[in-house]
Amino acid sequence: AMIINWIIVCFYYEISADKASEPFRQTIMSGNNCESDRSNDQADVTISHTKLGAISGKVPVKSEIDIDTTSIADNDYFYSTSTGSDGQLIAIISFCVRSDFGEIMYIDSNGSSTTTSITFSMVKFSVAIDLEIGFESANVSVVEKEAGLVEDESSIVTNLSACPCDIDDGMNCYSTDNAKTYTQNDLLEVCVYDPSEVANIIGFKNAYLEQNGIKSLIVDDDGKPSSIASIVSVGTPKAALSARIVSIFFDDTNIPVTMTGYAIIGFATFRKLSSY
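Please read all numbers here as calculations on a predicted model, not as lab measurements. (Residues numbered from 1 in each chain as written. Predicted model: local features only at pLDDT ≥ 70, side-chain atom pairs only at ≥ 80, totals over all residues. Heavy atoms only, no water.)

Asks: Explain the pattern of salt bridges to me, and be specific about the residues and the numbers.
Replies: Two side chains bearing opposite charge may form a pair once their charged atoms approach each other closely. Per the counting criterion, the structure on display carries 3 salt bridges. Note that Arg38 is salt-bridged to Asp41, the shortest N-O span being 3.1 Å. Note on Arg38: relative accessible area 17%, which makes it buried. Owing to a relative accessible area of 41%, Asp41 belongs among the partly exposed residues under this scheme. (Salt bridge = Lys/Arg side-chain N within 4 Å of Asp/Glu carboxyl O. Buried < 20%, exposed > 50% of the residue type's maximum accessible area, 1.4 Å probe, protein only.)

Asks: Outline the environment of Thr183, supporting the account with residue identities and numerical values.
Replies: Within the fold, Thr183 resides in the loop between strand 15 (181-182) and strand 16 (187-193). For the pair formed by Thr183 and Val246, sequence separation is 63 residues and the distance between their alpha carbons is 9.4 Å. (Helix = DSSP H or I, 4+ residues; strand = E, 2+ residues; numbered from the N terminus.)

Asks: An account of the sheet that holds strand 4 (residues 45-51) is requested, with residue identities and associated values reported.
Replies: Taken in spatial order, the 3 strands make up an open sheet running 1-5-4, and their pairing is antiparallel. The sheet is open, and its two edges are formed by strand 1 (6-16) and strand 4, each paired on a single side. The sheet shows a mean angle of 20° between the axes of neighbouring strands, taken without regard to direction. (Pairing = 2+ DSSP bridges. Axes fitted to C-alpha atoms, helices over the stretch in contact; angles between N-to-C directions.)

Asks: Go over the packing of aromatic side chains, please, and point to the residues and values.
Replies: Taken as a whole, this structure holds 6 aromatic pairs when the rule is applied. In this structure, Lys238 is placed above the aromatic ring of Tyr193, and the distance from its NZ or CZ to the ring centre is 5.1 Å. (Phe/Tyr/Trp six-rings, centres within 6.5 Å; stacked < 30°, edge-to-face > 60°. Lys NZ or Arg CZ within 6 Å of the ring centre and 35° of its normal.)

Asks: Which residues make up the pairing of strand 9 (residues 113-116), and what values go with them?
Replies: The sheet contact formed by strand 8 (residues 104-107) and strand 9 spans 4 bridges and is antiparallel. Paired with Met105 across the strands is Thr115, a residue of strand 9. Counted along the chain from strand 8 to the antiparallel partner strand 9, the turn is 5 residues long, and its residue Gly111 has a positive phi close to 85°.

Asks: Lay out the environment of Ala17 in plain terms, naming residues and giving numbers.
Replies: Note on placement: Ala17 falls in the loop between strand 1 and strand 2 (24-30). Judged by relative accessible area, which is 37%, Ala17 ranks as partly exposed. The spacing of Ala17 and Ile55 is 38 residues in sequence and 8.4 Å in space, taken between C-alpha atoms. For Ala17, the contacting residues outside a window of four places in its chain are Gly57, Lys58 and Val59. (Contact = heavy atoms within 4.5 Å.)

Asks: I'd like to hear about the environment of Ser230, residue by residue, with values.
Replies: Here Ser230 is to be found in strand 19 (residues 229-232). A relative accessible area of 31% places Ser230 in the partly exposed class. In this structure the C-alpha to C-alpha distance between Ser230 and Leu241, which are 11 residues apart in sequence, comes to 6.0 Å. Sequence-distant contacts of Ser230, that is, excluding residues within four places in its chain, are made with Pro225, Ala240, Leu241 and Ser242.

Asks: So, the state of the cysteines: which residues are in play, and what are the values?
Replies: Evaluated as defined, the whole model comprises 3 disulfides. One disulfide in the model links Cys34 with Cys96; its S-S distance is 2.1 Å. Torsion about the S-S bond of the Cys34 and Cys96 cystine: about -60°, corresponding to left-handed handedness. Here Cys34 is found in the loop between strand 2 and strand 3 (36-37), whereas its partner Cys96 is found in strand 7 (residues 89-101), with 62 residues between them in sequence. Its relative accessible area of 2% is what places Cys34 among the buried residues. Given the relative accessible area of 0%, Cys96 is considered buried. Across the disulfide from Cys165 sits Cys191; the S-S distance is 2.1 Å. (Disulfide = S-S within 2.5 Å.)

Take a look at the structure:
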């Protein structure tokens, strides 16, 4: 009889060739919502990846998942059994693969600088095995998990107003009726303006995305946007900040993300700082 000690599952990502040097990490996760990192406390399901040669401006990344069938049945994180349609015993091996791309600094709730990925994807795998036949008969299904939603929140301070807006649609603010929700790597666009229209927004500084003490820098103290942010329409009564919502803000999607910072207001004879 043939003894199968491993099941190998392969899948592929594509990365733009000009971004191929960015960090790319993959992690084995467990749980119904792929919430638990199991990469360091088990050896029954492991993953490795290889970046291949560029094709038409894209770099394929081959990911290979190895499942050790000699020990997987003892792993409660991934292994369960059920009864098939014909009454046969079916083994189910379920796990998730989180793939993180890119890297950026943020400030955690303790005030320390650390890193997070710019974007990630989560894919759930289920391997069904007819135990009456053996591990050589396995069906694999794949489901891409939602990364979650985050709702934006803006605040009004002193004489400035701020609102989530659509830069490509005349910088119009979203209303309560058409409030937007976001998924990871989406652009959060916030317009800042003087309701009296007597001042121009000529710049920003010390701007962050924040969530429960976690901060991601958008614009530094010198007014320079980070690699995931941009500034639009400065020198007008209504300017905007645009920033990608990175992975760290999806650890708890029940807590809103807030954009805070300072706008530099220009007048005919002077300028001043105002927070928003």
